[in-house]
Structure formats: structure tokens, C-alpha cells
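Fold and contact review
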Protein chains: 2
Amino acid sequence: MTNPLLAACPAPARSTDRLLLGHGSGGQLMAELLRDVIAPHLAAPIEDAAVVPFAGGEAVLSTDGFVVTPRFFPGGDIGSLAVYGTVNDLAMRGAEPVALCLAYLLEEGLDVAELHAVTASVAAAARTVGVPVVTGDTKVVGRGAADGIYLTTTGLGRRLPGADVSAVRGAPGDVVLLSGPIGSHGSAILSVREGLGFEADITSDSQPLHGLVAAMIAAGGPDVHALRDPTRGGLASALNELAAASGVGIDIEEAAVPVPPAVAAACELLGLDVLHVANEGCLVALVAAGAADRVLAAMRSRPEGARARVIGDVVAGPVGRVTARTLVGSRRIVDMLVGEQLPRIC
Amino acid sequence: MTNPLLAACPAPARSTDRLLLGHGSGGQLMAELLRDVIAPHLAAPIEDAAVVPFAGGEAVLSTDGFVVTPRFFPGGDIGSLAVYGTVNDLAMRGAEPVALCLAYLLEEGLDVAELHAVTASVAAAARTVGVPVVTGDTKVVGRGAADGIYLTTTGLGRRLPGADVSAVRGAPGDVVLLSGPIGSHGSAILSVREGLGFEADITSDSQPLHGLVAAMIAAGGPDVHALRDPTRGGLASALNELAAASGVGIDIEEAAVPVPPAVAAACELLGLDVLHVANEGCLVALVAAGAADRVLAAMRSRPEGARARVIGDVVAGPVGRVTARTLVGSRRIVDMLVGEQLPRIC
């Protein structure tokens, strides 16, 4: 006989019936959305930028939406973030930026002074990088149909000579390099948003990384196998994506990963794993062991990479598994972020 | 003595203190926003696509946001519109599409079935055009911070051999060609949205125009001086923009502009000037007189241009002025759309 209570209870919705905030997290839910909803229709990308044959050479394209709140935060704002974020996605494919496109999505009633400020920041960041904003678009939606200002930036890049960088090129024996401390961007956003009181101590690491990548490619050429900027989903998700794409395992040393004390304190207070916290100004690289010293020296010669260091090794397997040797000497599995740690982080 | 009523009345806000819906209209308010807010920081574009030197050749870039409501309408949906709209912006610079980028901005709680449908439409439209979607981005914002699905598409294009198309190249003596009937897209959207009952009679003209442009360039080469797809702001705004950019005047014959009867009826009912109504599948061209017959014949050889015709002439001046000979034989000035005729049209 049917239990009437059970019969009256509707079947639970599948996790993919309705979109969740976590589907935009850069973690596992997002990977599922891409696999189950986007990939059946469009080729599923495993990189944040695509290489396209063009005019006898190779063009690199990347597009990225920016919805960060608040729009102005310690160390940056949505305008500079949109420029540096797209420049960095190009750089992660070994490309230097050539041109940027900028699409505004604006809410009716927005204070135009803020639009001035954000646009000035876009322009200043573009000058810093030395890349022109060549075209754009402006859409305005009614009150309540957006939250102030969203930006989408798209970058056209040119492959650096000697670069052969791809998420699939990691190989057992490669050394894992990290360009600098992690956790600052996500902690800075969260601190401002939640009024945690760390605002004075934590500044977003938002910065362009194309110069750092150019130095790395000049030093290591094709021995620089894979690059990733650990944004949404943090270092843990970036390493998991590289391990899965390359069909390798990755072992890191937790003690080797630099975390600023204020970031560590904020993560402790909030119960966050700093390996899942977003960054906007560092990168992780898988580099052939024979070239690691040269590439590391090149990184350290630049301010963005002054604190670069070896954090681990690429191993044959288990394929797709990332582990960390903890501070007490045991090994733990480093998973991708599953749901949403912090929405509207970038 | 100060009038106490006046003293208590705050100074009126300038029109640019707060963003208005009309700032996204494609008309005069939008031109002012670009001039007063964007241009002081970033070079002000006069085209919807930019030509960038690349790898010894020329790359053409265009970016466009899509916020149309409803997302599914007679003749199309936001997915196909986003593909065709960007393909058309590339075509208006004489370029064939090479690759597309797609950025989603999604609202939490969205029915994932709709995301499937929109993505399938993007994929089908990309196949129709024969251009791959090579990279993308997905952002999810909380409930109430967007309205379902917004898309931003960016296209990379390659200049067609012999093309030298630019909004600044119109010259006195040029012939003005229009590829087909106007007003269908805006009227279709409005009819569905407002429940006007024209839904069965009016279908959006949303379609890709790159094949039509290729035929025109093959026939006319550099004698095809300027191209514009009259989207937001309609044919009136497109002609005004071309006249201003080229430093010429444009005279058209109202009777020569084809308007489907149902579109004319809808515009009459709503008090809209059909010259201000948005289109998504036609183009206007300024072509040297000597090449006009050849280019017109090439247009008519294709389904998108089967109803192409001459609608007017380019004259020396007054510079930037567009006039129409009306049905009763008098001349009227055709202004740009000033504010907002219809928000979220594309």
C-alpha cells in the first residue's frame, strides 16, 4: 500500500531544474552546468581562452562577464578588474593582449557619476596594460532588471613566440609553480561586503599578469606546459581542472602556499578553505622540471612574481586527483569547490 | 526677495545625472551618453565594429549585449538574435565572421530548460552562419539582480577581399540602397509584449546578413562605401549616423521605403514613426552611383535582398541632415530617435 504522505510529496527537483547561485561559482556545480547544459549544444571549453587560426597565424580570444559587488573594493573596482581579468585569461594561453571590447549592461537610475568613475578605471587599466578598447556596446535595462553596472570584456590576443601553453599539456614530473600569495581578492570582497573589519588589512590582488607570462615564456618557451589564474573556485579548482584536463595527478605542499596572515584570519573566522578563495592577480604553472629554475627566476625578476615559489609536483595519478600534504604531514584530497562559496566575486 | 516656493524647489537634475532607459535606445540620448560619459575616457566609436591590425592583416571585432524581452518572439529568440546581431555588426564593416565568443549573465532560479533552449538556438544559429562559438563565460547573479538571461556575443571577423566599408566613406552622389522591408523586429516584439494581437501577422526579420554583404562586395568592391544595419533607433538613426560620420546630407523618398501592411498598422495604432522602429535583418548602404545597379542586382539575387531597392541619394549638405520626401510630396527632416521608443528590443 502506498504511504499517503509519500504519495503527496512531489519528487525532489533535480539540481539542474532551476539555476542556483552555485552554478556560477567556478566549482563543481558550474562544471556540471557546462557539461550537462552547455556542452550538448556547444563544444565544451576547457580553457578560459580559445586559439583560432587567423591570417596565417593564431588569434587568441577570451570573454568574461563581471558582476562584482561592491563595485569599488580595496585594491580595485569592476572597471580595472574587467580589463585585467580578460588580459589574464589571454595570458593563460600564452598570449599578449592586442585589443579589448567592452559591453556595458546598465540599470536605469544608475548614478552617472559612477559610470564615469568605472569607465575612467577601464581606461586607466587599459593604458596600464597598453591595449586599446576598440569597440563596445551599451544596453540599459529597467530598474530591478540588473544591479547597477555589469561589464563584459572580450580580448583579442596574439600568441607569444615560443608559447605552447594549454591545460592539457601538464605531464608527470612537471613542477607546480605559484606566482604569489593567495586568497586576497575573495577575502577583500567578503570583508567589505560583510563588514568584517579586515578592510584595512586585506587588499585585492587584482593586477595584469601578461608581463609575468611573457617573462616566463621567454625563459621557458614550450617547457611552460600549462597556466591558470585561480579566480572563482580558487587554487583548488584551478589545480583540479588542470589535473583533469591533462590526465595527471597533482600533489602540493600546503606549507608552501603563501597566505597573508590577515587572509588566513579572515578564512578562519568564516570557516573558508583558503584554497577555494578567489584570486585576481596570481597564477599557477605546470613547468617541465628541467626548466623550472629558469622560469622561477624569471618570475621572481618581476614584481607580480617576486614571491613565486614551487608548491608541488605533477604525478602520473590517480588521474584528476589533487592532494595536499598538510602542515602536520598527512595527505588530504583537495576537492573542487562544490557549490557557491561567495557569489558575485568578480 | 526670494520666492520661498522657488527657494524650496531643488535645482532640476541634469539629464545625465541619473541613467534613463532612453540612454540605451540607440538614439540621441544614447549618442549624448557616449559623447559625454564614455568618450572622455575611451575613444568614441562611430562604428559597431572595429578594424584591428593583426598578423599582417586586419581583424574586425564587434561586441553586443542582448537583453530582449520576451526571450522568444515570432521569428526568433535571444539566442539566434545574439548570433545574427554580432555577425551583422561584423558584416557592416565588410567582414566575414571567423569566431564567436558567448558570455551568459543568468539569474538564480532560472528554469534550466530555458537555458537549454536558448543555448540550442545559439548553436543552431552559429551552424547556420557557419561560425564556431570558440569560448564563453557564465555568471549567475541572485534573484532580482537580472531578468532571466542576458547574453553578450563578441565576434572576430576577417575583412572581405576588396572591402573598404566605413561609416565615414559616404560621398555626395552616392545612392542609398535598402535591402528589404523595415519595422518588423520592433513591431513583433511590441506586439507580443503588449498583446496587441498582431502576433500572427508580424514576424521579426532577424537573420544573418554576411552572405548578402559578401555578394555586395563581390559586385561593388570599394564602391560600397558604407553599410549599416538599422537596429535600435531604426532606419532614421542609422541614416543620421551615416550622414554625420561622412559629413554629408541624405535625402530619401518615403514612398520607396517598403513597410509591411501589418507593421504600418501597428505603428499607426501606437503612434510610432516606422523609421524609428528597430530591425534585425536588413541593411542600408551608401554606394557609388556607377556601381549601384551592379550592387542592387547582387542584392536581389539573394533571398535576404530580394526586395532591395534604391531609397534615396547622398547630397553635399546640410551636413548631417536627413530628409524624406513625404507621400504628399513635401520634404520633412528625419531626426534621430530622441529618447526611448521601446526598451529591451534586442
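Given the structure is predicted, the values throughout are model-derived calculations rather than measurements.

Digging into the pairing of strand S13 (residues 322-325) of chain A
Residue and element names in this part refer to chain A. Both strand S10 (residues 249-253) and S13 contribute to a ladder of 4 bridges, which runs parallel. What sits directly across from Ile252, in S13, is Ala324. Where S13 folds back onto strand S14 (residues 331-333) in an antiparallel hairpin, the turn is made up of 5 residues, including Gly329, whose phi is positive at roughly 100°.

Structural notes on the domain arrangement of chain A
Residues and elements named next belong to chain A. Domain boundaries in chain A define domain 1 (21-159) and domain 2 (175-333). Here domain 1 and domain 2 have C-alpha centroids that lie 21 Å from each other. Where domain 1 abuts domain 2, roughly 2,100 Å² becomes buried across the two surfaces, and 60% of that area is made up of carbon and sulfur atoms. Of all residues in domain 1, Pro74, Asn88 and Met92 give up the largest surface area on contact with domain 2, accounting jointly for 28% of the area buried on that side. The interface formed by domain 1 and domain 2 holds 5 residue pairs in polar contact (both at pLDDT 80 or more) in total. The element contributing the most residues to the side of domain 1 that touches domain 2 is helix H3 (residues 78-91), with 7 residues. Across the side of domain 1 that touches domain 2, the residue classes break down as 13 nonpolar, 9 polar and 3 charged.

Digging into the confidence of the model for chain A
In this model, chain A carries a mean pLDDT of 91, and residues with pLDDT of at least 70 account for 94%. Contacts from residues 1-13 of chain A, a stretch scored under 50 in pLDDT, to residues over four places away or in other chains number 1 contact.

Side note on the packing of aromatic side chains
Taken as a whole, this structure holds 1 aromatic pair over all chains when the rule is applied. Where Phe54(A) meets Phe54(B), the ring centres are 5.8 Å apart and the plane angle is 80°; that geometry is what we call edge-to-face. Highlighted residues: Phe54(A) in strand S1 (residues 50-54) and Phe54(B) in strand S1 (residues 50-54), drawn from two different chains. The same class applies to Phe54(A) as to Phe54(B), namely buried. Sitting over the ring of Phe66(B), Lys139(A) keeps its end group 5.8 Å from the ring centre.

Topic: the interface of chain B and chain A
Facing 75 residues of chain B, the contacting portion of chain A comprises 75 residues. The contact between chain B and chain A buries some 6,200 Å² in all, and 70% of this surface belongs to carbon and sulfur atoms. Scanning the region where chain B abuts chain A turns up 4 salt bridges. In this structure, Asp137(B) and Arg232(A) form a salt bridge, with 3.1 Å as the shortest nitrogen-oxygen distance.

A short note on the environment of Asp77(A)
Residue and element names in this part refer to chain A. You can see Asp77 is positioned in strand S4 (residues 76-77). Each C-alpha atom of the pair Asp77 and Ser204 lies 9.5 Å from the other, and the pair is 127 residues apart in sequence. Excluding anything up to four places from it in sequence, Asp77 contacts Arg71, Phe72 and Ser121. Within the structure, the side chain of Asp77 is placed 2.7 Å from the side chain of Ser121, a separation counted as a polar contact.

Examining the relation of the copies chain B and chain A
Of the transformation placing chain B onto chain A, the axial shift is 0.0 Å and the rotation is 180°, giving an RMSD of 0.0 Å. When the rotation and shift are considered jointly, the pair of chain copies conforms to a two-fold rotation axis. Rotation axis and chain B: the residue whose C-alpha lies nearest the axis is Ala146(B), separated from it by 2.2 Å. Mapped onto chain A, 100% of the interface residues of chain B are again interface residues, and the two copies thus contact each other with one and the same surface.

Focus: the UniProt feature "domain: PurM-like N-terminal" (unreviewed entry) in chain A
In the numbering used here, UniProt assigns the "domain: PurM-like N-terminal" (unreviewed entry) feature to residues 47-158 of chain A. In the segment residues 47-158 of chain A, helix accounts for 29% and strand for 46%; the C-alpha atoms at its two ends are 16 Å apart.

What to know about the UniProt feature "domain: PurM-like C-terminal" (unreviewed entry) in chain A
Within this structure's numbering, the places UniProt gives as "domain: PurM-like C-terminal" (unreviewed entry) are residues 172-323 of chain A. Helix makes up 38% of residues 172-323 of chain A and strand 18%, and the two end C-alpha atoms of the span are 14 Å apart.

Digging into the sheet that holds strand S13 (residues 322-325) of chain B
Residue and element names in this part refer to chain B. Reading across the sheet, the 7 strands line up as S9-S11-S8-S12-S10-S13-S14 and stay open at both edges, with mixed pairing between neighbours. Every other strand in the sheet has two partners, leaving strand S9 (224-228) and strand S14 (331-333) as the edge strands with one partner each. For this sheet, the mean angle separating the axes of adjacent strands, direction not counted, is 25°. The pairing of strand S10 (residues 249-253) with strand S12 (residues 309-315) spans 4 bridges and is antiparallel. Counted as the bridge partner of Ile252 is Gly312 from S12. The strands that helix H7 (residues 234-246) touches are strand S8 (175-178), S9, S10, strand S11 (284-287), S12 and S13; relative to S11, the one it contacts most, it runs at about 30°. The sheet strands contacting helix H9 (residues 289-300) are S8, S9, S11 and S12, and the helix crosses S8 at an angle near 5°.

What counts and how
- Residues numbered from 1 in each chain as written.
- Chains lettered and ligands numbered in written order.
- Predicted model: local features only at pLDDT ≥ 70, side-chain atom pairs only at ≥ 80, totals over all residues.
- Heavy atoms only, no water.
- Pairing = 2+ DSSP bridges.
- Helix = DSSP H or I, 4+ residues; strand = E, 2+ residues; numbered from the N terminus.
- Domains from an automatic or database assignment.
- Buried area = accessible area lost by both parts, 1.4 Å probe.
- Polar contact = N/O pair within 3.5 Å; in protein donor to acceptor, adjacent residues only side chain to side chain.
- Nonpolar A, V, L, I, M, F, W, Y, C, P; charged D, E, K, R; others polar.
- pLDDT = per-residue confidence, 0-100.
- Contact = heavy atoms within 4.5 Å.
- Phe/Tyr/Trp six-rings, centres within 6.5 Å; stacked < 30°, edge-to-face > 60°.
- Buried < 20%, exposed > 50% of the residue type's maximum accessible area, 1.4 Å probe, protein only.
- Lys NZ or Arg CZ within 6 Å of the ring centre and 35° of its normal.
- Salt bridge = Lys/Arg side-chain N within 4 Å of Asp/Glu carboxyl O.
- Least-squares fit on C-alpha atoms with pLDDT ≥ 70 in both.
- UniProt positions renumbered as here; feature names shortened; annotations may be inferred.
- Axes fitted to C-alpha atoms, helices over the stretch in contact; angles between N-to-C directions.

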